[in-house]
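What follows is each chain in one-letter form.
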Amino acid sequence: MGPDGAPSVLNGTVDTIAVVVLLAEFAMLRSTLLRSQIRLYAAQSFVVAVLAAVLAFADNSYELLILAALSIGLKVIAVPVVMSRTVRRAGADVAGAGSLRAASSALIALVAAGFGFFAVGRLGLQAHGLSPTVLAVAGAIIMVAFVLMTVRTDVVSQSVGFFSLENGVSVASLVVAAGMPLILEVAFLFDLLVAVVVFGVLIRVHHAEQGSLSTSDITALRG
Amino acid sequence: MAALLIIIVIVPLVAGCLAFVVPTRLARLITFVSGLSCLALAVALGVGVHVGPVTFGFLRADALSWVFLVATAFVYATAVTYAIGYQSPASATSYQHRLFAGLNIFGWAMLCAPLVNGLALLWVAIEVTTVVSALLVAVDRTPRASEAAWKYVIIASAGLGIALFATILVYQAGTQVFGESYDLTLTQMIGAGSHLPVAPIRLAFLLAVLGFGTKVGLVPVHTWLPDAHTEAPTPVSAMLSGSLLAVSAYAVLRYVQICRPVLGAEFTGAVLMIFGVISLLVAAFSIMLQRDLKRLLAYSSIEHMGIVCLGISFGTPLALAGVLLHVLAHAAAKGNAFYGAGVVMHAYGTKDIDRIHGGLDVLPWTAPLFVCTIFALCGMPPFGMVRSEFMIIAGSVGSTTRIVAIVVLLGSTVAFLGLARVVTRTMFLTASVAGAVDAPSPRRGEPSAWMVAPMLAGLAVLVVLGLHPPAALTDLLSQAAGELM
C-alpha cells in the first residue's frame, strides 16, 4: 500500500495484469473462431509471462525471468503452433456452437467468476506485499476456464480451456508462491508440454474416428 | 536401499523406451522382465522402509508409500504378463510397439508417484499417468475408444488443474513456516504439523480431495471412469483400476496426513465421509443396472474406492490398516477380474452380459478363477477383502460413525447382489437354461497360458491376504497406519 492507503505502483500493475488475463479468458469464451481462441490464449500466456517479469524485477528474483522466458517459448509459441497446425489439418475454423447460447454462457461465466473471486478472496492470502485481490482474480480465471471447458462442444476449445486454466493457476502461483524452486516450475511446464502433445494426438485420433472436431456426437458411452 | 529407489524408477522407463525401437518379440521380453524385476525390487524395499524412510534426492519411501508401490508393481507385473497372451503376435507391429511401450511408461509413472518426495512432484507424476494412460485408452483406435479417451483426458485434467491449485495453496501455507523459498517435500510438510495456517490449508484440502478424487473415481467426478475402463485394452483396464485409482488415493492420503494436524480429524473425516458414502451407494446401485462385463467391474472399482475413502474418514489405526490392506487386496482382485473378463470377451467375442453363458463349461481355468475373484470382490472369505473390510468396519466401532459402517455394509451387500447375479448368469447358467437362443457357443479351451498365470498369482495373493498375511506385511501396514495418525 502507498502512504495514504492507495495501492502501490507494483500492486496496481499486478492487479491490472491479472484483470487483463481474466478479460482474455472471457474473450476466449466469446470467440467463435478456433484460430482467434488460440491467438487469445497466446496473448493471455504472454501477459502471464509479463507478470512473471514484473515480479522478477520487483523482488530481484531473476529465476522468475527464466520462468517467463520458458513460458513464452512454450505457451506463447509452442502450444499455439501445435494447436493451430491441428486445426489447419482438420480443416475446421468455427468452434463448436456450445451447449448454451452466448448470453447464457456469459452469464454463467460471470456467476462462476464471482464465486471464484469471492471464495478465494475471503482467504485474504497475500505475499510480497501484494493485495489479496490478485489471488481472488486467479480464482475467477480458473472458474471461467472451467466454464469454457464445459460449455464448448469441440475438442480444440476444451483443450484451450484446460491450457488457460493452467494460466490461472500460474497467476496464483506467481503471486503467492513466487519463491517456489525453479526446478518445480520447470517440472510443471514440462508436464504441460507433455499434455499438449497428448492433447494434440488425441484431437487427431478424435478427428480421424469421428470425422469432426465436435464433441456433440460422442454420446455412445452412457450408463 | 537408496539404490533400489533409483533402479525402480529407471527400469520401466528404459524398458518403455526400448519397447518402441526393438523387435516386438524382444519388446515383449523386456516388458516382462521389467515388470517382474520392479515387483521384486518393490518387495525388497520393504526391508528398508521397515527401519525408517528411505530417501535419495527427490525420492523417498516410507511404509505408506511402500504399500502403494507394491500394489502398483504387482498390477504392473501381472498386466504385462497378461499382455503377452492378450496381444496376438500377428497384430500390427506398430500397435505392439505402442502397447508395450505404453504399458511400461504408464507403469513407470505410477511407480514414481509414491516414491517422489514432494507434493509438486506427486502432482507431476499423477498428471503424467493421466496423459500416458489416455493414449493407452485410445490405442485401439475405435470411435468408442477415442470417445472414452477424450472424456478421460479432459475430465481428469480438469480435476488435476484443481489439484494443482491445491498444491500452490499448500506451498503458500508453508511459506509461513519455512520462508519464501523451500522445496515442498513430504518430509517438510509432514513435519510442519499444526504450524501451518488454517485458512489456505482448509481450501487446499477441499480442492485436493476434489481434484485427486477425480482420478480416484469418487462420485460425482467419476464419469470418465466407466468409459475408460470399458474401452481400454484389458491389461490397461487392469492397471487403471488396480493401481491408478490407488495411486491417486495415495495423493489424497498424503493431503490427509499433512492437513489433519491443522484442520482436525473431524473436518477431514467429514469431507471424505461425504465423498465415500455417495461413491459407495451410487456405484453399488449402478452395478445392478450394468449389461457390460467391464463396465460392471468399473463400477465395482468406484464402490471399493468409496470404501477406501470411508475407511480413511474413520481415522482409527485399525481402519487405516484395513484401508491399506484393502488397497493391496483390491489391486490383486480387480486386476484378476479384468483379466478374467478379457479372456471371456476373447472367447465369446462380446462384453454383453446377456450373451455370455456357461463359462464354466468353456473356460476350464479362467471361469473358476473369475468366479473366485468376483466372490473376493464381494468381500467373501477366504480372500483378502473380507479381512480388510472387517478391519475397516471394526475400526469405526467406538467412533460416532456407526451409521456409516451400516452404510458400508448396505452398499457392499447391494454390490454383492449385482456381482453375484452376473457371475451366476455368465458362468453357471448354460445358454439353453437361460433361454438365450442366439448366444455365442465358443469352443472349450483357454486362449493362452500367459493370460491364466497372472490370475493364479492374483488369487494366491488374495488367499494369503485373507487367511494369513505374513507378519512382516502386517507390521508394515501397522507402521503405515501409524504414519497417518
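Residues numbered from 1 in each chain as written. Chains lettered and ligands numbered in written order. Predicted model: local features only at pLDDT ≥ 70, side-chain atom pairs only at ≥ 80, totals over all residues. Heavy atoms only, no water.

Novice: Help me out: how do you make sense of the nonpolar core in this one?
Specialist: Within soluble globular proteins, side chains that are nonpolar tend to cluster in buried spots. Of all hydrophobic cores here, the largest spans 280 residues; its most connected members are L45 and F212 of chain B. For L45 of chain B, the residues in contact, after removing those within four places along its chain, are M1, L4, L5, I8, A61, W66, L69 and L115 of chain B. (Core = buried A, V, L, I, M, F, W, Y, C linked by side-chain atoms within 4.5 Å. Buried < 20%, exposed > 50% of the residue type's maximum accessible area, 1.4 Å probe, protein only. Contact = heavy atoms within 4.5 Å.)

Novice: In this structure, what is going on with the packing of aromatic side chains? I would like to understand it.
Specialist: The relation between two aromatic rings is expressed through the spacing of the ring centres and the mutual angle of the planes. One pass over the full model with this rule turns up 17 aromatic pairs over all chains. A centroid spacing of 5.2 Å and a plane angle of 85° characterise the contact between F117 of chain A and F118 of chain A, whose relative ring orientation is edge-to-face. Residue class for F118 of chain A comes out exposed when judged on its relative accessible area of 58%. Ring geometry for Y152 of chain B against W224 of chain B: centres 4.6 Å apart, planes inclined by 25°, an arrangement best described as stacked. Here the residue Y152 of chain B occupies a position in helix α6 (residues 143-178), and W224 of chain B occupies one in helix α9 (residues 224-231), the gap between them amounting to 72 residues. The pair formed by Y152 of chain B and W224 of chain B is uniform in burial state, with each residue classed as buried. A connected cluster of aromatic rings, assembled from ring pairs, spans Y41, F162, F163 and F199 of chain A together with W150 of chain B. In this arrangement the basic side chain of R202 of chain B is found over the ring face of F267 of chain B, its NZ or CZ atom lying 5.7 Å from the centre. (Phe/Tyr/Trp six-rings, centres within 6.5 Å; stacked < 30°, edge-to-face > 60°. Helix = DSSP H or I, 4+ residues; strand = E, 2+ residues; numbered from the N terminus. Lys NZ or Arg CZ within 6 Å of the ring centre and 35° of its normal.)

Novice: Looking at this structure, how should I read the environment of N11 of chain A?
Specialist: Within the secondary structure layout, N11 of chain A lies in helix α1 (residues 9-30). Here N11 of chain A falls in the buried class, since its relative accessible area comes to 2%.

Novice: Hey, could you run me through the interface of chain B and chain A in this one?
Specialist: Across the contact, 45 residues belong to chain B and 45 residues belong to chain A. Here chain B meets chain A over a buried area of about 4000 Å², counting both sides, of which 75% is carbon and sulfur. When residues of chain B are sorted by the area they lose upon contact with chain A, E147, W150 and F165 of chain B head the list and together hold 18% of the total. Counting every contact that joins chain B to chain A gives four residue pairs in polar contact (both at pLDDT 80 or more). Secondary structure elements with two or more residues in the side of chain B that touches chain A: α5 (119-137), α6, α8 (198-216), α9 and α12 (293-314) of chain B. The element contributing the most residues to the side of chain B that touches chain A is α6 of chain B, with 20 residues. (Buried area = accessible area lost by both parts, 1.4 Å probe. Polar contact = N/O pair within 3.5 Å; in protein donor to acceptor, adjacent residues only side chain to side chain.)

Novice: Teacher, can you tell me more about the packing of helix α3 (residues 63-86) of chain B against helix α20 (residues 471-484) of chain B here?
Specialist: The relative placement of two packed helices comes down to the angle between their axes together with the axis-to-axis distance. Residues and elements named next belong to chain B. Packing of α3 against α20 brings their axes to within 7 Å, and their N-to-C directions diverge by 125°. As the angle between them shows, α3 and α20 are arranged oblique. In this structure, α3 uses A63, L64, W66 and V67 to contact α20, whose residues at the interface are L473, L476, L477, Q479, A480, E483 and L484. By residue class, the composition of the contact of α3 with α20 is nine nonpolar, one polar and one charged. (Axes fitted to C-alpha atoms, helices over the stretch in contact; angles between N-to-C directions. Parallel < 35°, antiparallel > 145°, perpendicular 65-115°, else oblique. Nonpolar A, V, L, I, M, F, W, Y, C, P; charged D, E, K, R; others polar.)

Novice: Whenever I open this one, a nonpolar patch on the surface confuses me. Can you help?
Specialist: A grouping of I10, V14, L18, F20 and V21 of chain B is seen on the molecular surface, where their side chains present a nonpolar patch of about 440 Å² in accessible area. Along the chain, the position of V21 of chain B falls in helix α1 (residues 2-21). (Patch = residues over 30% accessible without salt bridge, like charges linked within 9 Å, V, L, I, M, F, W, Y side chains within 5 Å. Areas by Shrake-Rupley, 256 points an atom, 1.4 Å probe, with all protein chains shown as cover. Salt bridge = Lys/Arg side-chain N within 4 Å of Asp/Glu carboxyl O.)

Novice: Just checking my understanding: could you explain empty space enclosed by the protein for this structure?
Specialist: A water-sized probe, rolled over the atoms, reveals where empty space remains. Enumeration over the complete set of coordinates arrives at five cavities of 30 Å³ or more. The calculated volume of the largest cavity comes to roughly 170 Å³. Of all the elements in the fold, those that place two or more residues in the lining of the largest cavity are α2 (34-59), α3 (63-90), α6 (155-176) and α7 (182-210) of chain A together with α6 of chain B. For the lining of the largest cavity, the element with the highest residue contribution is α6 of chain A, accounting for five residues. Size it by volume and the second largest cavity reaches roughly 90 Å³. Lining the second largest cavity we find F162, L165, E166, F188, D191, L192 and A195 of chain A together with W123, E127, G161 and L164 of chain B. Looking at the lining of the second largest cavity, the elements with two or more residues in it are α6 and α7 of chain A together with α5 and α6 of chain B. In terms of residue count, α7 of chain A provides more of the lining of the second largest cavity than any other element does, four residues in total. A class-by-class count of the residues in the lining of the second largest cavity yields seven nonpolar, one polar and three charged. (1 Å grid on protein atoms, 1.4 Å probe; cavity = no way out; pocket = protein on both sides within 12 Å on 5 of 7 lines; lining within 4 Å. Points joined across faces, edges and corners; volume = space filled by probe spheres on them.)

Novice: What's the story with the pattern of salt bridges in this structure? I'm lost.
Specialist: Here the idea is simple: oppositely charged side chains can pair when their charged atoms come close. Enumeration according to the criterion identifies nine salt bridges over all chains in this entry. In this structure, E166 of chain A engages K75 of chain A in a salt bridge whose closest nitrogen and oxygen atoms are separated by 3.0 Å. Taken together, the positions of E166 of chain A in helix α6 and K75 of chain A in helix α3 put the pair 91 residues apart, joining distant regions of the chain. The exposure class assigned to E166 of chain A is buried, which follows from its relative accessible area of 10%. By sharing partners, the salt bridges in this structure join R60, D62 and R254 of chain B into a single network.

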